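This is what each chain is made of:
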Amino acid sequence: DTAVSQTPKYLVTQMGNDKSIKCEQNLGHDTMYWYKQDSKKFLKIMFSYNNKELIINETVPNRFSPKSPDKAHLNLHINSLELGDSAVYFCASSRGWDGTEAFFGQGTRLTVV
Amino acid sequence: TQLLEQSPQFLSIQEGENLTVYCNSSSVFSSLQWYRQEPGEGPVLLVTVVTGGEVKKLKRLTFQFGDARKDSSLHITAAQPGDTGLYLCAGTINFNKFYFGSGTKLNVKP
């Protein structure tokens, strides 16, 4: 059973489109995250939710809107996609909200053309 | 400027050699984790260290947290091709801010 699963794994889309990435965790964790990994493999946190409430928003353009319908799900919606949004997006979860011992999904490689 | 600097960025060694990867910062961390990431996969947690000076061993991997909790090292003994991957350190500050290091790409040749 996959602990943290995100879909789709690959996403190719044109500039200006709107797209969503879904994430689900079956670990019973209270906290979920979205990270962005750039071409140099640097991982940067975008959002953190604890029990469906936003606790971290790291200077992300408001074209990115996370939504957490329940504590097992954290989806990421991106409006008006730009070339610079191309990256691998990782969902993660952890027991507590301090970011330690996070479990990551397999990633979604987003390519904007 | 990144809060956590890892060195070296790239490391290519022969099977059986030993290596050390460093993770340094000027900030004090509440805890520090090491992850390994393989191509096409998400990072997988290897270890968490929380006490200054703490040493943890995981088979051939030895992790150390600096006394001042500003740095950490990962030592691999007798590296094997299966150790190949991207090694990432990540640190938590004040239990509510966390950052990843720049990563060390390790290639172990048979």
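Before any of the text, the structure's been laid out above.
One structure accompanies this document, and this report is about it. (Residues numbered from 1 in each chain as written. Chains lettered and ligands numbered in written order. Predicted model: local features only at pLDDT ≥ 70, side-chain atom pairs only at ≥ 80, totals over all residues. Heavy atoms only, no water.)

Of the residues lining the interface, 21 residues belong to chain A; the matching set on chain B comes to 21 residues. For the pair chain A and chain B, the summed buried area comes to about 1700 Å², and 58% of that belongs to carbon and sulfur atoms. Summed over the shared surface of chain A and chain B, the result is zero salt bridges. The interface formed by chain A and chain B contains five residue pairs in polar contact (both at pLDDT 80 or more). Considering every element that reaches the side of chain A that touches chain B, the biggest residue donor is strand β4 (residues 31-37) of chain A, with three residues. Residues belonging to the side of chain A that touches chain B are distributed by class as follows: ten nonpolar, five polar and six charged. (Contact = heavy atoms within 4.5 Å. Buried area = accessible area lost by both parts, 1.4 Å probe. Salt bridge = Lys/Arg side-chain N within 4 Å of Asp/Glu carboxyl O. Polar contact = N/O pair within 3.5 Å; in protein donor to acceptor, adjacent residues only side chain to side chain. Helix = DSSP H or I, 4+ residues; strand = E, 2+ residues; numbered from the N terminus. Nonpolar A, V, L, I, M, F, W, Y, C, P; charged D, E, K, R; others polar.)

Taken as a whole and judged by the stated rule, the model has two disulfides over all chains. Covalent S-S linkage joins Cys 23 of chain A and Cys 91 of chain A, the inter-sulfur distance amounting to 1.8 Å. On the S-S bond that ties Cys 23 of chain A to Cys 91 of chain A, the torsion sits near -75 degrees, and the link is left-handed. Linking Cys 23 of chain A in strand β3 (residues 19-25) with Cys 91 of chain A in strand β9 (residues 87-94), this pair joins segments that are 68 residues apart in sequence. Of the two residues, Cys 23 of chain A and Cys 91 of chain A, both sit in the buried class. Paired through a disulfide, Cys 23 of chain B and Cys 89 of chain B show a sulfur-sulfur distance of 2.0 Å. The disulfide joining Cys 23 of chain B to Cys 89 of chain B has a torsion of about 75 degrees about its S-S bond and is therefore right-handed. (Disulfide = S-S within 2.5 Å. Buried < 20%, exposed > 50% of the residue type's maximum accessible area, 1.4 Å probe, protein only.)

By way of backbone hydrogen bonds, the strands of a sheet pair with one another, either parallel or antiparallel. All names here are of chain B. Taken together, the five strands give an open sheet; going across it, the order is β1-β3-β8-β7-β6, and neighbouring strands pair in antiparallel fashion. Pairing within the sheet leaves two strands with one partner each, and these edge strands are β1 (5-7) and β6 (55-58). Strand after strand, the sheet turns through a mean of 15 degrees between neighbouring axes, direction not considered. Pairing of strand β3 (residues 19-24) with strand β8 (residues 71-76), which is carried by six bridges, proceeds in the antiparallel orientation. Bridge assignment links Asn 24 to a residue of β8, and that residue is Asp 71. (Pairing = 2+ DSSP bridges. Axes fitted to C-alpha atoms, helices over the stretch in contact; angles between N-to-C directions.)

Let us now look at the packing of aromatic side chains. This model, assessed by the stated rule, comprises eight aromatic pairs over all chains. A centroid spacing of 5.3 Å and a plane angle of 45 degrees characterise the contact between Tyr 35 of chain A and Phe 104 of chain A, whose relative ring orientation is tilted. Placement of Tyr 35 of chain A in strand β4 and of Phe 104 of chain A in strand β10 (residues 103-104) is noted, with a sequence separation of 69 residues between them. Of the two residues, Tyr 35 of chain A and Phe 104 of chain A, both sit in the buried class. You can call Phe 104 of chain A buried: its relative accessible area is 11%. An aromatic cluster is defined as three or more aromatic residues linked by ring pairs; in this entry it consists of Tyr 33, Tyr 35, Phe 90 and Phe 104 of chain A together with Tyr 35 and Phe 100 of chain B. (Phe/Tyr/Trp six-rings, centres within 6.5 Å; stacked < 30°, edge-to-face > 60°.)

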